[in-house]
Amino acid sequence: MSVLSLDRVSYQYPGEDFDIIDGLSLEVKPGAFHCILGVSGCGKSTIFRMINGLLRPKKGGIRVNGVPIEAQKHYCGYMPQKDLLFPWRSVGENLALPLEIQRRLGKREQRERIEAALAEVGLAGCADKRPDELSGGMRQRAAFARTMLAGSDLLLLDEPFSALDYLTRISMQEWLLEQWQRTRKTILFITHDVEEALFLSSSVLVVEETPVRALREIHVPLEEPRSRRDLACPAMIELRENLIGMLRKQVAG
């Protein structure tokens, strides 16, 4: 069974005279890592906002593990472009937010979960620090740990590394790939960076046109474990150029 399914979903923004998402259907299998690739403003984030319930589809249905999302709570973890750590809270207090919302654990159990999550992302001992004491990459790791604490096997990551400098960004990409290989969460990752999509995903879902009526799935022919050197092989160079060509057609259109 699919972890996530979209059945002929449409969405129209108020004030617009067309559906930016128009009858989109999608099936995502457990443990998959898909990058959704497209130019800015093409509708990628709109898809995420419908999946996480921030936007209500005009038509169609969305299910997670076979159940309509309207009948569920805490069915996915969502990480936007900015880390959105509250500056007046410590790192540990920021990570406590999804646990506080769920109201299932006492303070001691929350602290244990938070310390374990921070250790998993390489931030052991940082629970009492303030967000402004962390580097950009450390803040993103803390935000990822908070997303993991939501307790869902489905994670939606919306260009989480786009604001980082180049070296930090590629370091975070390598780190995220290691996290996925360890946990096998189901990940949808939005990007407009072709190399990022190729390095991270098992297959790329390309937005070829707006309105979005379909996502073109392109398999990435890399084995695990993979390294950045793999992107230099002839097959990957050809695939990269093909994907860039698809994005150029959308911009020209």
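Asks: Run through the packing of aromatic side chains, naming residues and quoting values.
Replies: What the rule picks out here adds up to six aromatic pairs. Residues Phe33 and Phe189 carry aromatic rings whose centres are separated by 6.3 Å and whose planes lie at 35° to one another, so their mutual orientation is tilted. One end of the pair, Phe33, is in strand 3 (residues 33-37); the other, Phe189, is in strand 8 (residues 186-191), and 156 residues separate them in sequence. The pair Phe33 / Phe189 is uniform in exposure class, with both members buried. On the numbers, 5.1 Å between centres and 80° between planes, the contact of Phe144 with Trp175 is edge-to-face. With a gap of 31 residues between them, Phe144 in helix 5 (residues 136-148) and Trp175 in helix 6 (residues 166-183) connect regions that are remote in the sequence. Given a relative accessible area of 4%, Phe144 falls into the buried group. Take Trp175: its relative accessible area is 12%, and that puts it in the buried class. Chaining the aromatic ring pairs together yields one cluster made of Phe33, Phe161, Trp180 and Phe189. Over the ring of Trp180 we find Arg184; its NZ or CZ atom is 4.2 Å from the centre of that ring.

Asks: Talk me through the pattern of salt bridges; I want residue IDs and the actual numbers.
Replies: Evaluated as defined, the whole model comprises 15 salt bridges. In this structure, the salt-bridge partner of Glu112 is Arg108, at a minimum N-O distance of 3.6 Å. Of this pair, Glu112 and Arg108 both sit in helix 4 (residues 107-120), separated by four residues, roughly a single helical turn. Looking at Glu112, the relative accessible area reads 45%, which means it is partly exposed.

Asks: So what's going on with the pairing of strand 3? Residues and values would help.
Replies: The buried count for strand 3 comes to five of five residues, which makes it a mostly enclosed element. Here strand 3 shows no split at all, with Phe33, Cys35 and Leu37 on one side and His34 and Ile36 on the other all buried. As defined by bridge partners, strand 3 adjoins strand 8 across five bridges and the pair is classed as parallel. When the sheet's bridge partners are listed, Leu37 is paired in strand 8 with Thr191. Two strands pair when backbone bridges link them, and strand 3 and strand 9 (residues 203-206) are joined in this way by four bridges, in the parallel orientation. Bridging across to strand 9, Cys35 finds its partner in Val204.

Asks: Lay out the layout of surface pockets with the relevant residues and their values.
Replies: In this structure, the largest pocket occupies an estimated 570 Å³ of space. Around the largest pocket sit 22 residues that line it, and Cys76, Tyr78, Pro98, Ile101 and Ala150 are the ones nearest its centre. Listed by contribution, the elements that provide at least two residues to the lining of the largest pocket are strand 6 (77-79), helix 3 (97-102) and helix 5. Looking at the lining of the largest pocket, the element that brings in the most residues is helix 3, giving four residues. Residues belonging to the lining of the largest pocket are distributed by class as follows: 13 nonpolar, six polar and three charged. A volume near 210 Å³ is recorded for the second largest pocket. Together, 15 residues line the second largest pocket, and Arg113, Ala117, Glu120, Met148 and Leu149 are the ones closest to its centre. Secondary structure elements with two or more residues in the lining of the second largest pocket: helix 3, helix 4, helix 5 and helix 6.

Conventions adopted
Residues numbered from 1 in each chain as written. Predicted model: local features only at pLDDT ≥ 70, side-chain atom pairs only at ≥ 80, totals over all residues. Heavy atoms only, no water. Phe/Tyr/Trp six-rings, centres within 6.5 Å; stacked < 30°, edge-to-face > 60°. Helix = DSSP H or I, 4+ residues; strand = E, 2+ residues; numbered from the N terminus. Buried < 20%, exposed > 50% of the residue type's maximum accessible area, 1.4 Å probe, protein only. Lys NZ or Arg CZ within 6 Å of the ring centre and 35° of its normal. Salt bridge = Lys/Arg side-chain N within 4 Å of Asp/Glu carboxyl O. Pairing = 2+ DSSP bridges. 1 Å grid on protein atoms, 1.4 Å probe; cavity = no way out; pocket = protein on both sides within 12 Å on 5 of 7 lines; lining within 4 Å. Points joined across faces, edges and corners; volume = space filled by probe spheres on them. Nonpolar A, V, L, I, M, F, W, Y, C, P; charged D, E, K, R; others polar.

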